[in-house]
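Report on the structure
Now for the letters of each chain:
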Amino acid sequence: MCLAIPGKIQSITYLYGGTVKMAKVSFGGIIREASLEMVPTAEVGDYVLVHVGVAISKVNEEEANKVFGYLKEAGELDELYDTTI
Amino acid sequence: MKYISEFRSPEIVNTLLGEIKKILKGSWNIMEVCGGQTHSLVKNGLLNMLPANIQMIHGPGCPVCVTPVSLIDKAVHLAMEHDVILCSFGDMIRVPGSGMSLLEAKSKGGDVRILYSPLEAVKIARENPGREVVFFAVGFETTAPANALSVVHAYREGVKNYSILTSHVLVPPAMEAIMSDEDCRVDAFLAAGHVCAIMGIGEYYPLVEKYKIPIVVTGFEPVDLLEGILMTVRQLEAGTYKLENQYTRVVETEGNKNAIAVVDQIFEITNREWRGIGNIPFSGYAVKSAYSDFDANKKFDINIAEAHEDTTCLAGDVMKGKIKPDQCPNFGKKCTPTRPLGAPMVSSEGACAAYYHFNLAGSVHQ
Ligand code: SF4
């Protein structure tokens, strides 16, 4: 139940008379609702980490790419770039 | 999909394993604190790929596993005797209480509902103004903002028939309890990335200093876990002890300020009983008195006898890293996921269930 998974924000709506910012988030095609109250700056297109219906963090793209950066330099990742899932 | 597939790539996994093997000289016990990490290590077969000199010890980081029996009994009591709509996460409802689980309560007519999010419970309360709705709010720091937020929503919307039964636990005090145990065999920790996404990493500096132990904040994908292990092994081999952050794409040093604010608004720190481990001082959250109208413990008069643990369940030893799950004599015999004796056999994040499932799959041999 501690699972938190990254998904991409598809659209944003407001609940409770505009006080609660909600998003439709796509997890590899499966769409679920999540509150954006903890990550108010998140916008459509951003990746957020969602846990039990609440987005708890924005995924930092630059940082996400770092680990691959250093491995790529080592020439290890050539095959990977042919596969887009 | 970006940010997921790359972190599961077999090529990168192999590169990282190669690195680990290259620098490894000693023999190390590394504890992953979080049950989500245990699950990922087991599911992805990583335990089997790691060199034998690295032993992963599976920590107490499964909130379902450490929720005391007495609290499950309380939840069952609320469902059966107080006619409440009792909501919780799926894992929680199968955990055996001293009498029955919530699942059994449901089959006996209790209104028990499995929800994905505590925010849904507030909606149910709005839609059922004539009934009391209780959310069984378990979890670590990761889940605390969502549970706190449900109270904030109910408070703001004037939903008076909603309350939470809390059993919130905190990770750093549990790590401290493990380290201060004389029999402790842990050489380094992988700290739980999602807990740190909320709370930041500052709480771990005192532990690093006091116990001179490397702590690496780590994510949950195979590449995260192996990179975290590589970072701890580098430190262990160099004889250093530092706090490092592997999970920088998600964890910021100071955590999530909005989440910390909502947690502070609703909760205060309290002593907490951990199933299988015992009382740990200042290791949990309770609802602040200003919000006691939303605290099921205060709202309902729950008078039930203190429950006894099944004494043959060795969950405490498993969670302290003293034995591996399959060294418990009940494992796979008297205790299976369909008939669990203890909580670690229930939740998919519990070490016993993880071992059971992966042994059945035949992919790993202990
Ligand atoms: S195998 Fe079952 S009885 Fe043994 S420690 Fe795990 S949950 Fe308890």
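As the structure is a prediction and not an experimental result, all values here were calculated from the model.

1. Some details on the overall build of chain B
Each helix and strand counted, chain B has 16 helices and 11 strands in total. A globule of 366 residues ought to have a C-alpha radius of gyration of about 21 Å, and chain B, at 21 Å, matches this closely. Expressed as a percentage of the 366 residues in chain B, the buried residues total 61%. Across chain B, contacts joining residues at least 24 apart in sequence account for 77% of those joining residues at least 6 apart. Put simply, chain B shows about 14,000 Å² of open surface, and 50% of that area lies on carbon and sulfur atoms.

2. Brief notes about the site of the ligand
Every residue lining the ligand is accounted for by Cys-313, Leu-314, Ala-315, Cys-328, Asn-330, Phe-331, Cys-335, Leu-341, Gly-342, Pro-344, Met-345 and Cys-352 of chain B. The residue inventory of the shell around the ligand, partitioned by class, reads 10 nonpolar, two polar and no charged.

3. Some details on the nonpolar core
Residues and elements named next belong to chain B. Ranked by internal contacts, the top residues of the largest apolar core, which has 108 residues, are Phe-136, Tyr-162, Phe-189, Tyr-204 and Ile-215. Among the elements that make up this core, the one with the highest residue count is helix α8 (residues 144-157) (seven residues). What Ile-215 contacts, discounting residues up to four positions off in sequence, is Met-175, Phe-189, Ala-191, Tyr-204, Leu-207, Val-208, Lys-242, Leu-243 and Glu-244. Core analysis: the second largest hydrophobic core is formed by 38 residues, Leu-16, Leu-17, Ile-20 and Leu-341 among them.

4. Section: the interface of chain B and chain A
Taken residue by residue, the interface counts 49 residues in chain B and 42 residues in chain A. Of the roughly 4,000 Å² buried where chain B meets chain A, counting both sides, 65% is carbon and sulfur surface. Along the contact surface separating chain B from chain A lie one salt bridge. One salt bridge in this structure joins Glu-37 of chain A and Arg-156 of chain B, with 3.7 Å as the shortest N-O distance.

5. Digging into the packing of α8 of chain B against helix α13 (residues 257-266) of chain B
Residues and elements named next belong to chain B. It is the contact of α8 with α13, at a shortest axis distance of 9 Å, that shows an interaxial angle of 60 degrees. The orientation of α8 with respect to α13, classified from their angle, is oblique. Both α8 and α13 take part in a crossing whose hand is left-handed. Across the interface between the two elements, Ala-144, Pro-145, Ala-148, Leu-149, Val-151 and Val-152 of α8 pack against Ala-259, Val-262, Val-263, Gln-265 and Ile-266 of α13. Its residues assigned to classes, the contact of α8 with α13 comprises 10 nonpolar, one polar and no charged.

6. Observations regarding the pattern of salt bridges
All told, the structure shown has 17 salt bridges over all chains when counted by the stated rule. Glu-33 of chain A is paired through a salt bridge with Lys-24 of chain A; the nearest N and O atoms lie 3.5 Å apart. Among the salt bridges present, the one from Glu-132 of chain B reaches Lys-299 of chain B, with a minimum N-O distance of 3.0 Å. In this pair, Glu-132 of chain B sits in the loop between α7 (118-127) and β5 (133-139) while Lys-299 of chain B sits in helix α14 (residues 296-299), placing the two residues 167 residues apart along the sequence. Exposure remark for Glu-132 of chain B: the relative accessible area of 25% places this residue in the partly exposed category. A relative accessible area of 28% means that Lys-299 of chain B is categorised as partly exposed. Members of the salt-bridge network, linked through shared partners, are Asp-83, Asp-111, Arg-113 and Arg-131 of chain B.

7. What about the sheet that holds strand β9 (residues 243-245) of chain B?
All names here are of chain B. Pairing within the open sheet is parallel, and its five strands lie in the order β2-β1-β7-β8-β9. In the strand order of this sheet, the two ends are held by β2 (54-61) and β9, each with one partner. When strand polarity is set aside, the average angle formed by the axes of neighbouring strands in this sheet is 25 degrees.

Criteria and cut-off values
- The residue numbers shown here count from 1 along each chain, following its written sequence.
- To read the labels, note that chains go from A and ligands from 1, taken in the order they are written.
- Only residues with pLDDT of 70 or above have their local features reported here, since the model is predicted, and side-chain atom pairs are shown and tallied only from 80 upward, although totals for entire chains, interfaces and linings are computed over all residues.
- Think of the side-chain values as coming from all heavy atoms in the structure, minus any hydrogens and water.
- Numbering goes from the N terminus for both helices and strands, where a helix is a DSSP run of H or I of at least four residues and a strand is a run of E of at least two.
- Only the C-alpha atoms count toward the radius of gyration. The rule for a globule is 2.2 Å times the residue count to the power 0.38.
- A simple rule labels every residue: compare its accessible area, found with a 1.4 Å probe on the protein chains alone, to the largest value its type can have, and call it buried under 20%, exposed over 50%, or partly exposed in between.
- Should any heavy atoms of two residues lie within 4.5 Å, those residues are counted as being in contact.
- Residue burial considers only the protein chains on display, and all accessible areas are found by Shrake-Rupley using a 1.4 Å probe.
- Definition of nearness: a residue and a molecule or strand are near each other if at least one heavy atom of the residue lies within 4 Å of the molecule or strand.
- Just so you know the grouping, Ala, Val, Leu, Ile, Met, Phe, Trp, Tyr, Cys and Pro go in nonpolar, Asp, Glu, Lys and Arg go in charged, and all remaining residues, Gly too, go in polar.
- Joining through side-chain atoms within 4.5 Å is the link that ties buried Ala, Val, Leu, Ile, Met, Phe, Trp, Tyr and Cys residues into a set, and such a set is a nonpolar core.
- Throughout, buried area stands for the accessible area (probe radius 1.4 Å) lost by two parts on being put together, summed over both.
- Think of a salt bridge as a Lys or Arg side-chain nitrogen and an Asp or Glu carboxyl oxygen that are within 4 Å of each other.
- To get an axis, fit a line to the C-alpha atoms, keeping to the stretch in contact for a helix; angles then go from 0 to 180 degrees between the N-to-C directions.
- Comment on the angle field: the value is read as roughly parallel under 35 degrees, roughly antiparallel over 145, roughly perpendicular from 65 to 115, and oblique elsewhere.
- By the definition used in this description, the sense in which the near helix is turned from the far one sets the handedness, with an anticlockwise turn below a right angle giving left-handed and a clockwise turn giving right-handed.
- A pair of strands is treated as paired once DSSP finds two or more bridges between them.

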